[in-house]
Amino acid sequence: MIKNIILGIKEYGGAFALISKLKLWKYFIIPVFISIFTAVLIALEAYILSDNIGSFISKAWIWDWGKETFTGLSNFFGAVIIIILGLIVYKHIILAFSAPFMGIVSEKIEFHLYGDVKHLHRKSSFFEQLIRGIRINIRNLSKELLFSLPLLILKFIPIVNLFSTMLLFLLQAYYAGFGNMDYTLERHFNYRDSVHFIQKRRGFAIGNGIVFMLCLLIPVVGIIIVLPLSVTAATTKTLSLLHDKHEIVYER
């Protein structure tokens, strides 16, 4: 898996050049707007709710001694929890509602790399791609929250919280890469087969998602460049897996 993670990361190397060469920037305008709007909305919610969660956590400390210190730590952990949950929700919102636009980008990259292969594609409308994106990301969001909540609880345990933080990051990376890869798989596989395809190639999804998550750590610029770069990188890698390994299944 480690090898595949590295390969998923390396795919970003030519992403910027490919976007410029194929003049794909215009297709990212609406998704970038969705990304910015969602990020601002979640940031405001995080600012409002972090103190409330911190106050709730601090009630667990029933003693007077150390109350101020524990309250400060509670506010900090409250902010961390909100930020992590905010990133999870943010990720799936932009991945879901960008699906029809990213599908166009993926298709143009496929035409550039492999020629006219539309006879291998499943036909779907703008609305169908949007519904597919929402469905995939609701599924992924529910699973990610299910796995993330226990890891968030472990963050309160010293030393153990180091490992839980790493696992949380890799978990978020996996589902980010999952969504990026599905923009290409949507044309070739149905919902169930797409999920199965990515589950067998978790390393590639994690590799793509690692850079996705790191981009979000860049103030302002990160939420602008994250989709163009991650989707392009995921598309080229997914297409390589499909075409070079002859794994395309055409379903009428």
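Only a predicted model underlies this, so the values are computations on that prediction, with no experimental measurement involved.

Criteria and thresholds
- Residues numbered from 1 in each chain as written.
- Predicted model: local features only at pLDDT ≥ 70, side-chain atom pairs only at ≥ 80, totals over all residues.
- Heavy atoms only, no water.
- Helix = DSSP H or I, 4+ residues; strand = E, 2+ residues; numbered from the N terminus.
- Contact = heavy atoms within 4.5 Å.
- Areas by Shrake-Rupley, 256 points an atom, 1.4 Å probe, with all protein chains shown as cover.
- Phe/Tyr/Trp six-rings, centres within 6.5 Å; stacked < 30°, edge-to-face > 60°.
- Buried < 20%, exposed > 50% of the residue type's maximum accessible area, 1.4 Å probe, protein only.
- Lys NZ or Arg CZ within 6 Å of the ring centre and 35° of its normal.
- pLDDT = per-residue confidence, 0-100.
- Expected span 1.5 Å × (residues − 1).
- Polar contact = N/O pair within 3.5 Å; in protein donor to acceptor, adjacent residues only side chain to side chain.
- Salt bridge = Lys/Arg side-chain N within 4 Å of Asp/Glu carboxyl O.
- Axes fitted to C-alpha atoms, helices over the stretch in contact; angles between N-to-C directions.
- Parallel < 35°, antiparallel > 145°, perpendicular 65-115°, else oblique.
- Left-handed = near helix turned anticlockwise from the far one by under 90°.
- Nonpolar A, V, L, I, M, F, W, Y, C, P; charged D, E, K, R; others polar.

**Q** So what exactly am I meant to see when it comes to the overall build of the protein chain here?
**A** Looking only at helices and strands, one finds 10 helices and zero strands in the protein chain. Along the protein chain, helices and strands appear, N-terminal first, in the series α-α-α-α-α-α-α-α-α-α. Across the protein chain, the fraction of contacts at a sequence separation of at least 24, relative to all contacts at a separation of at least 6, is 82%. About 13300 Å² of surface is accessible on the protein chain, with carbon and sulfur atoms providing 71% of the total.

**Q** It is not clear to me how the packing of aromatic side chains should be interpreted in this structure. Could you clarify?
**A** Two numbers describe a pair of aromatic rings. These are the distance of the centres and the angle of the planes. Enumeration over the complete set of coordinates arrives at eight aromatic pairs. Judged by centre distance (4.9 Å) and plane angle (65°), the rings of Tyr-174 and Tyr-175 are edge-to-face. One exposure class covers both Tyr-174 and Tyr-175, and it is buried. Between Tyr-175 and Phe-178 the ring centres are 6.4 Å apart and the planes differ by 25°, which places this aromatic pair in the stacked class. Separated by three residues within a single helix, Tyr-175 and Phe-178 lie in helix 7 (residues 160–185), roughly one turn from each other. A residue is classified by how much of its surface remains accessible, and Phe-178, at 0% relative accessible area, is buried. Site record: aromatic cluster; members linked through ring pairs are Phe-16, Trp-25 and Phe-28. Over the ring of Tyr-191 we find Arg-135, and its NZ or CZ is 3.6 Å from the ring centre.

**Q** Any chance you could explain the confidence of the model for the protein chain here in plain terms?
**A** Atomic detail in the predicted coordinates should be set aside for any region of low pLDDT. Averaged over every residue, the pLDDT of the protein chain is 85; the share at 70 or more is 85%. Counting contacts from residues 246–252, a segment whose pLDDT is below 50, to residues more than four positions away or on other chains yields 20 contacts.

**Q** How should I be thinking about unusual backbone geometry in this particular structure?
**A** In terms of backbone geometry, most residues other than glycine have negative phi values and most peptide bonds are trans. For Lys-23, which is not glycine, the phi dihedral falls at a positive 55°. Looking at the element boundaries, Lys-23 is found in the loop between helix 2 (15–21) and helix 3 (29–58). Exposure remark for Lys-23: the relative accessible area of 64% places this residue in the exposed category. Phi is positive for Val-220, which is not a glycine, with a value near 65°. Relative to the elements of secondary structure, Val-220 occurs in the loop between helix 9 (202–215) and helix 10 (221–244).

**Q** When you look at helix 5 (residues 99–114) in this model, what are you seeing that I'm missing?
**A** Residues that lie three or four places apart on an α-helix share one face, since the helix turns once every 3.6 residues. Across its 16 residues, helix 5 extends 22 Å between first and last C-alpha, which sits within 8% of the 22 Å expected from 1.5 Å per residue. All of the buried residues along helix 5 are Ala-99, Pro-100, Phe-101, Met-102, Gly-103, Val-105, Ser-106, Ile-109 and Glu-110.

**Q** When you look at helix 9 in this model, what are you seeing that I'm missing?
**A** Given a rise of 1.5 Å per residue, 14 residues ought to cover 20 Å, and the 20 Å separating the end C-alpha atoms of helix 9 matches this to within 8%. For helix 9, the tally of buried residues reaches 12 of 14 residues, placing the bulk of the element in the interior. Among the residues making up helix 9, those that are buried are Gly-203, Phe-204, Ala-205, Ile-206, Gly-207, Asn-208, Gly-209, Ile-210, Val-211, Phe-212, Met-213 and Cys-215.

**Q** Hey, could you run me through the environment of Ser-148 in this one?
**A** Turning to its location among the elements, Ser-148 is positioned in helix 6 (residues 126–154). Judged by its relative accessible area of 0%, Ser-148 is buried. Once the C-alpha coordinates of Ser-148 and Phe-169 are considered, the two residues, 21 residues apart in sequence, prove to be 9.7 Å apart. Dropping the residues within four chain positions of it, Ser-148 is found in contact with Ile-88, Leu-168 and Leu-171. Engagement of the side chain of Ser-148 in a polar contact is seen with the backbone oxygen of Glu-144, the distance being 2.6 Å.

**Q** Is there a simple way to think about the pattern of salt bridges in this case?
**A** Opposite charge on two side chains permits them to pair, given that their charged atoms come into close proximity. Counting across every chain of the model gives four salt bridges. With a closest N to O distance of 3.6 Å, Glu-11 and Lys-237 form a salt bridge. Taken as a pair, Glu-11 in the loop between helix 1 (2–10) and helix 2 and Lys-237 in helix 10 lie far apart in primary sequence, 226 residues in all. Relative accessible area serves as the criterion here: at 24%, Glu-11 is assigned to the partly exposed category. Classification of Lys-237 by relative accessible area gives buried; the value is 13%. One salt bridge connects Arg-187 with Glu-110, and the closest N-O pair in it is separated by 2.6 Å. A residue pair is termed long-range when its members are at least 10 positions apart, and Arg-187 in the loop between helix 7 and helix 8 (191–199) and Glu-110 in helix 5 qualify at 77 residues.

**Q** Before we go on, may I ask you to explain the packing of helix 9 against helix 10 in this structure?
**A** Describing two packed helices takes the angle between their axes plus the distance from one axis to the other. Two numbers describe how helix 9 lies on helix 10: the axes approach to 9 Å, and their chain directions differ by 170°. With respect to each other, helix 9 and helix 10 are oriented roughly antiparallel. Between helix 9 and helix 10 the crossing geometry is right-handed. Every residue of helix 10 that contacts helix 9 at Phe-204, Asn-208, Phe-212 and Cys-215 is listed here: Gly-222, Ile-225, Val-226, Ser-230, Ala-233, Ala-234, Lys-237 and Leu-241. Looking at the contact of helix 9 with helix 10 residue by residue, the class counts come to eight nonpolar, three polar and one charged.

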